[in-house]
Amino acid sequence: DRSTGNNLLNSEQCDFIMNAKTAAVLIVLFLSVVQCLTETTTTITPSYHWIVVGAGCSGATVARKLLDYFPNDKVLLLERGIDNLDPVFTDETCSPEPHIFNTTRPVNCTYPAIIAPRRSVSPALGSHIYTSIPQPQLRNRSISFGAGNVTGGGTSINGMVAFRALREEFEEISSTPGLEEYNYHAFLPYYKKMENNQNSNPKVFWDRNGNSGRVPVTNHKVGSIFNEKAFLKASIANGIHPTDINTIQIGGLTKAQATITENGRRASSAINYLDSTARNNYRFTLKNISKVRRILFNSAGTAATGVEYRTGNQILSALATREVIISAGTVESPRILKSSGIGPSAELQSLGIPVIKNLPAVGTNYFEKPLTLANFRLTIPDNPKMNTSIVLSNSTFRQWKMYGTGYLAGWNNPWAVHGGSSDLDAEFHEQGPFPDTTGYNFTNWMRLICWNAHTKSRGSIKLNTTDIYGNPIIDVALLRDPSDADKLIECNYKFRKILTEAGIISGDILPPTPVWENTTAFREYVFSVVSATQHNCGTCKLGSNSSVAVIDGRHKVFGIKKLRIMDYSIFPYVLRVNPAITLYALSEKLADYIREDYQTSPPLGRVTLQFQCTPPVTAINDYSIWSVKNSYSKPYVYHWSSTTGVSGSFSVEAYSQSYFFTPVDSTQAVTLKINGVTISTKYATNATCTY
């Protein structure tokens, strides 16, 4: 106390104590702030059994099958784009005017007829636009193309063409060692499984078409506006023979089908597989606007454990206790692998990315079909179906909205040629009142689309050196080998001749007639206008050798556990046809592979026991024929027994069909077993006749 002179504490001691108290208070405040900041920024990493990256055709299908096959598992589905349930995609936001044909708003309705305005305009809602590096062989042009950026992926914005791949294409793939299970007979059960064919006759095509799957497939609903008989006659005269690709899968001239529902709506994977049953399942989580940056691994770098992704300004992560399945597409899947440390070691090291697995094939073998367009006037007068004022009328809109019929429930691509004796690929589009990019808006014109599926040129996908998580560097390599243009030129001249001989077209629009009459000028035209079909593949291709492939026959990434890929990037060769239907089938097949890998015995329901009653069988000493289809990817020995005490056994190869014979009477039943487990029991008199 300085006033009284009591020597309790001197001034230095007093100052020290005051400073200490102040310091203590500041320390407490600092620690409180640190604790507060830590509590607000630390999040618990969620854990799932399965993480699927990409909600497109393949990703949506695989995610739904995992929900069905593993009833106790949680599934996370991450999608870079918006949800197809966003109001801009729903029917309620659609009206006849003013924005049906507004190309600045390309994805707005579910009309099957509205295709072109939804595909290639940038910025396109529902479509992410990529641009290649300049291509010297294409007069230094860069090629832009779109990819689905919405739940459903490409199936939410594509042309809805439903073609199965040709048998010959399966034989080409299955000839590769390790890919024997990719033959036609192995795929056929999955085409049937995914398909709900609204046109096939199950009594006739029971062994080829399906009518109980999730994907509706239908014929052209509006009908062709030109003389189809004349078209067929002229085609046959020029060596182009008719076929039915979706029934016998042999190439030629064929009627196209489409993925359109019975009520005239687009049927995307977001609708077919991610229906309300899936979306309302508490075990299923769909996260949109979530772009995956990289894959997470265990400490040894030998197994995938989850993913890191961006949503808005947040960088989040999620863990997978079973597997991570990448279904991000031909551009994004190799980008994700490389940014995670899986790819060519030299490229990764040059960007400072730690190498997890050296796989030289990641991002190589970029395969795209070059495409040309030719427009012609039709000889028929303006057709009411194609008249702008009628299509845009309130009555046409109401007809589609209320009944799912009329022009808006249709589709403008009724005919196509794929393979066969001509070895050409073309589609014939009857154009309606949709403004063409060249400025034409005739109501009586058509478009010939030619592409070449057997090209020698191959491109690549490389990481962007300034942003490894951004758009990669894309080299499309279209027509880099000049001979790739030969089939395009042959296709254009061949079908211009056929359309002329059939009396269908009356004149050239684009290119103009003088270009057609000069083969050198036409070849230059092809190199000046060629574009991409947007059917690219090959950058994460299937194979048996890690030096030239990325995944094995069961879609597992070489050298990395718990990581698979399922999208068009895995195809070693581009298909002649539009790939969506085959991707559905392959996704179903992959889901069965996964289920097999996590089960020790064959799942029930994978084998069907079917009675074939060619002549009716009634007498006890007659024999009935039973057919057994093995839809499992392994051969099995089947044991059968009847109520009369007769029994036997036989083997059926993977994805094959075999027969056995039993004596039959009105009360006899036949039971089929595998390893003592009953697979099926049927009474002969109650069995379904297939012939």
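What counts, and where the lines are drawn
Residues numbered from 1 in each chain as written. Predicted model: local features only at pLDDT ≥ 70, side-chain atom pairs only at ≥ 80, totals over all residues. Heavy atoms only, no water. 1 Å grid on protein atoms, 1.4 Å probe; cavity = no way out; pocket = protein on both sides within 12 Å on 5 of 7 lines; lining within 4 Å. Points joined across faces, edges and corners; volume = space filled by probe spheres on them. Helix = DSSP H or I, 4+ residues; strand = E, 2+ residues; numbered from the N terminus. Nonpolar A, V, L, I, M, F, W, Y, C, P; charged D, E, K, R; others polar. Pairing = 2+ DSSP bridges. Contact = heavy atoms within 4.5 Å. Axes fitted to C-alpha atoms, helices over the stretch in contact; angles between N-to-C directions. Buried < 20%, exposed > 50% of the residue type's maximum accessible area, 1.4 Å probe, protein only. Salt bridge = Lys/Arg side-chain N within 4 Å of Asp/Glu carboxyl O. Parallel < 35°, antiparallel > 145°, perpendicular 65-115°, else oblique. Polar contact = N/O pair within 3.5 Å; in protein donor to acceptor, adjacent residues only side chain to side chain. Phe/Tyr/Trp six-rings, centres within 6.5 Å; stacked < 30°, edge-to-face > 60°. Lys NZ or Arg CZ within 6 Å of the ring centre and 35° of its normal. Expected span 1.5 Å × (residues − 1). Left-handed = near helix turned anticlockwise from the far one by under 90°.

Explain empty space enclosed by the protein here, please?
A probe matching the size of a water molecule, rolled over the atoms, marks out where space remains unfilled. The full count for this structure, using the stated rule, is 5 cavities of 30 Å³ or more. A volume near 60 Å³ is recorded for the second largest cavity. Around the second largest cavity, the lining residues are D423, L424, D425, W451, N452, A453, H454, K487, C491 and R576. Breaking the lining of the second largest cavity down by element, the ones donating at least two residues are β17 (424-431) and α14 (485-501). Class assignment of the residues belonging to the lining of the second largest cavity gives a composition of 4 nonpolar, 2 polar and 4 charged.

Any chance you could explain the sheet that holds strand β8 (residues 257-258) here in plain terms?
Within a sheet, adjacent strands bond to each other through the backbone by hydrogen bonds, running parallel or antiparallel. Read across the open sheet, the 3 strands follow the order β5-β6-β8; overall the sheet is mixed. Two strands lie at the open edges of the sheet, namely β5 (195-197) and β8, each paired on one side alone. In this sheet, strand β6 (residues 215-219) lies alongside β5 in parallel orientation, the contact comprising 3 bridges. Considered in β6, the bridge of N196 is made with P216. Across the sheet, helix α4 (residues 184-194) is in contact with β5 and β6; its angle to β5 comes to roughly 65 degrees.

Where do I start with the environment of T379 in this structure?
Tracing the sequence through the fold places T379 in the loop between β15 (370-378) and α12 (388-391). It is 8.6 Å that separates the C-alpha atoms of T379 and F226, two residues lying 153 residues apart in sequence. If sequence neighbours within four positions are ignored, T379 has contacts with G503, I504, I505 and S506.

How do you make sense of helix α10 (residues 329-339) when you look at a structure like this?
At 3.6 residues per turn, the α-helix brings residues three or four places apart onto the same side. The element α10 is extensively covered by neighbouring structure, given that 11 of its 11 residues are classed as buried. Within the sequence span of α10, burial applies to G329, T330, V331, E332, S333, P334, R335, I336, L337, K338 and S339. One or two steps after α10, the chain reaches G341, where phi turns positive at roughly 100 degrees.

How do you make sense of the pattern of salt bridges when you look at a structure like this?
Two side chains carrying opposite charge are able to pair once their charged atoms lie near each other. Counted under the stated rule, the structure contains 31 salt bridges. The partner of E308 in a salt bridge is R293, with the nearest N and O atoms 2.8 Å apart. Of this pair, E308 sits in strand β11 (residues 304-311) while R293 sits in strand β10 (residues 291-297); the two residues are 15 residues apart in sequence, bridging distant segments of the chain. What makes R293 buried here is its relative accessible area of 18%. Of the charged contacts, one joins R335 and E332 as a salt bridge, the two residues approaching to 2.9 Å between their closest N and O atoms. One end of the pair is R335 and the other is E332, both in helix α10 and 3 residues apart, which spans about a single turn. The class of E332 is buried, set by a relative accessible area of 5%.

For this particular structure, what's the right way to read unusual backbone geometry?
Negative phi characterises most residues that are not glycine, and trans characterises most peptide bonds. Note the cis peptide between L510 and P511, where omega equals 0 degrees. As for its placement among the helices and strands, P511 is situated in the loop between β21 (505-510) and α15 (513-516). At M160, a position not held by glycine, the phi torsion is positive, near 65 degrees. Locating M160 in the fold gives a position in the loop between β4 (144-148) and α3 (167-174).

When you look at the packing of α3 against α4 in this model, what are you seeing that I'm missing?
Packed helix pairs are specified by the crossing angle of their axes together with the interaxial distance, meaning the distance between the axes. In contact at an axis separation of 9 Å, α3 and α4 are set at 125 degrees when each is read in the N-to-C sense. Taken together, the axis directions place α3 and α4 in an arrangement best described as oblique. Where α3 abuts α4, its residues R167, F170 and E171 lie against Y184, F187 and Y191. For the contact of α3 with α4, the class distribution of residues is 4 nonpolar, no polar and 2 charged.

How should the environment of M194 be read in this particular structure?
Along the chain, M194 falls in helix α4. What makes M194 buried here is its relative accessible area of 1%. Aside from chain neighbours lying at most four places away, what touches M194 is G213, R214, V215, Y273, I581, Y584, A585 and E588.

How should I be thinking about the side chain of N272 in this particular structure?
Within the secondary structure, N272 is located in helix α8 (residues 269-272). Within the structure, N272 has its side chain in polar contact with the side chain of Y584 (distance 3.3 Å).

Help me out: how do you make sense of the packing of aromatic side chains in this one?
The geometry of two aromatic rings is summed up by the distance between their centres and the angle between their planes. On inspection of all chains with the given rule, the structure shows 18 aromatic pairs. Each ring, one from Y182 and one from F187, has its centre 6.1 Å from the other, and the planes form 45 degrees; the classification is tilted. The same class applies to Y182 and to F187, which are both buried. Summarising the aromatic geometry, the rings of F231 and F428 are spaced 5.1 Å apart at their centres and angled 75 degrees between planes, so their arrangement reads as edge-to-face. Placement of the pair is F231 in helix α6 (residues 228-237) and F428 in strand β17, with a sequence separation of 197 residues. Classification of F231 by relative accessible area gives buried; the value is 0%. Look at F428 and you get buried, because its relative accessible area is 0%. In textbook terms, an aromatic cluster arises when at least three aromatic residues are bridged by ring pairs, as seen for F376, Y493, W516, F522 and Y525. The lysine or arginine in question, R293, covers the ring of Y469, its NZ or CZ lying 4.0 Å from the ring centre.

Looking at this model, I keep getting lost on helix α2 (residues 57-69). Mind explaining?
Along its 13 residues, α2 runs 18 Å from first to last C-alpha, staying within 8% of the 18 Å computed at 1.5 Å per residue. Most of α2 is tucked away: 12 of the 13 residues are buried. Taken residue by residue, α2 has C57, S58, G59, A60, T61, V62, A63, R64, K65, L66, L67 and Y69 as its buried positions.

Is there a simple way to think about the packing of α14 against helix α16 (residues 519-529) in this case?
α16 packs onto α14 with a crossing angle of 115 degrees between their chain directions and a minimal axis gap of 10 Å. Where α14 crosses over α16, the handedness of that crossing is right-handed. Mapping the contact onto sequence places A485, D486, L488, I489, N492 and Y493 in α14 and T519, F522, R523, V526 and F527 in α16. Split by residue class, the contact of α14 with α16 holds 7 nonpolar, 2 polar and 2 charged.

What's the story with the pairing of β15 in this structure? I'm lost.
In the case of a regular strand, side chains alternate between the two sheet surfaces. Of all 9 residues that make up β15, 7 are buried, and the element is covered over most of its length. The pairing of β15 with strand β22 (residues 531-532) spans 2 bridges and is classified as antiparallel. Each residue of the ladder has a partner; that of L371, found in β22, is S531. Pairing analysis gives 7 bridges linking β15 to strand β18 (residues 445-451), with the strands arranged antiparallel. Bridging from a neighbouring strand, R377 pairs with W445 of β18. Where β15 and β21 come together, 4 bridges link them in antiparallel fashion. In the sheet register, R377 faces β21, and the bridge partner there is G507.

Purely geometric stuff here, so don't read any function into it on its own.
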